[in-house]
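# Summary of structural features
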Amino acid sequence: MIINFRGLQRLLTGAGLTAAAVIASQPSASAHVTLATGEARANTYYKAVFQVPHGCDGAATQTVRVQIPEGVIGVKPMPKAGWTLSITRGAYAKSYQNHGKTVAEGPKEIVWSGGSLADDNYDEFVFTSFITDFPSGQAIAFPTVQQCAKGEVRWDQIASEGQNPHTLKSPAPVLRIVADTATVAQAQMDHSQMDHGKMAAPKSGSDTFKAGDLIVAAPWTRATPGGAKIAGGYLKITNNGKSADRLVSAISAGADRVEIHEMSMTDGVMKMRPLTDGLTIKPGETVELKPGGFHMMFMDIKQPLKQGDKLKATLAFEKAGKLDVSFDVNAMGATSEPAHKH
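A short tour of the structure in this document, coming up. What you see is a predicted model; the values in this text were computed from it and never measured. (Residues numbered from 1 in each chain as written. Predicted model: local features only at pLDDT ≥ 70, side-chain atom pairs only at ≥ 80, totals over all residues. Heavy atoms only, no water.)

## Points about the sheet that holds strand β6 (residues 72–77)
With antiparallel pairing, the four strands of this open sheet are ordered in space as β2-β4-β9-β6. Whereas interior strands pair on both sides, the edge strands pair on one side only; in this sheet they are β2 (34–35) and β6. Where strand β4 (residues 44–52) and strand β9 (residues 123–131) come together, nine bridges link them in antiparallel fashion. Paired with K47 across the bridge in β9 is T128. (Pairing = 2+ DSSP bridges. Helix = DSSP H or I, 4+ residues; strand = E, 2+ residues; numbered from the N terminus.)

Here it is in structure tokens:
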């Protein structure tokens, strides 16, 4: 279930959603099933790690069922040794664009069963996914059922507007969408600064590179969290010549491959497509690769990018030839513009 704090009364009928959640047949312990990372940006890949801290009143956990809310697509669960993994697929309420393809169905429920997690042990259940175009401030609930040798706990209660979710007996794990200007870590540490826009101004790359009539300025990328496999690349290309040129490809030792993409908004749907024929730079024109428009994607990066480092790459132009550049690695969320994250 998806809850928009700003429009909760419009989205939900009746005032008894919280009370309507079905509580476990056995009383639950004080520790809840939660997401290890409870905040993320829209239009980005998200690794959901469900933390199971206990069983059902002393009984071992044998099954964990997670419902996938609308707008969370491309779900790929991680198998667990000793557990059976099953996926229930179904149609989405609407179609989504993902890497230039229309996606109309996908996993609706993930179940890990047949295992035995003792009450005094801890474990995690994981899947990767893509978070689509949710507005900042929206909360996405993942109703979860923890079935044990004796009884079960249904983590499916959702806080009403203005209610502290910590007051709920069996709250559903919730992912909150944060503004693109805020990093997940910063948002967790200081919500007030994030909400009032007191973060430091973003920094772009400062280097300039030249190939023939082309000038490439200020290449930059963002730092990535551990486990991330994709990073965006941004820069400006100015053509001082009298004929058009094209950025046809790029390579980097820090990634398995590099792609050139275009992101656009059509009829309220954010769409992204790879530019298989490259990106044209007309004479006298400056083309900016930036979040929310043309951009480069470093796919399957070899290691996390850390702020202050440089990511080296080689750009290939149709006429100007190859050009070695370095992308400054800035902080996560280092832009105030809307971005399409992969």
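## A few points about the packing of aromatic side chains
Scanning the entire structure with this criterion turns up nine aromatic pairs. Here F50 and F127 contribute two aromatic rings whose centre-to-centre distance is 5.7 Å and whose plane-to-plane angle is 40 degrees, an arrangement assigned as tilted. One end of the pair, F50, is in strand β4; the other, F127, is in strand β9, with 77 residues separating them in the sequence. Neither F50 nor F127 differs from the other in exposure class; each is buried. (Phe/Tyr/Trp six-rings, centres within 6.5 Å; stacked < 30°, edge-to-face > 60°. Buried < 20%, exposed > 50% of the residue type's maximum accessible area, 1.4 Å probe, protein only.)

## Digging into the side chain of T224
Looking at the element boundaries, T224 is found in the loop between β15 (214–222) and β16 (230–239). Of note is the side chain of T224, whose polar atom sits 2.8 Å from the backbone nitrogen of L305. Excluding residues within four positions of it along the chain, T224 makes contact with I230, A231, I301, P304, L305 and M332. (Polar contact = N/O pair within 3.5 Å; in protein donor to acceptor, adjacent residues only side chain to side chain. Contact = heavy atoms within 4.5 Å.)

## Remarks on the pairing of strand β8 (residues 101–117)
As paired elements, strand β5 (residues 61–67) and β8 share six bridges and run antiparallel to each other. Across the sheet, residue T61 finds its bridge partner in β8, namely L117. Pairing of strand β7 (residues 84–98) with β8, which is carried by eleven bridges, proceeds in the antiparallel orientation. Paired with Y96 across the two strands is V103, which belongs to β8.

## Some words on the sheet that holds β7
Across the sheet, five strands lie side by side as β7-β8-β5-β11-β12; this open sheet has antiparallel pairing. The open sheet has two edge strands with one neighbour each: β7 and β12 (152–155). Strand-to-strand twist in this sheet, taken as the mean axis angle between neighbours without regard to direction, amounts to 15 degrees. (Axes fitted to C-alpha atoms, helices over the stretch in contact; angles between N-to-C directions.)

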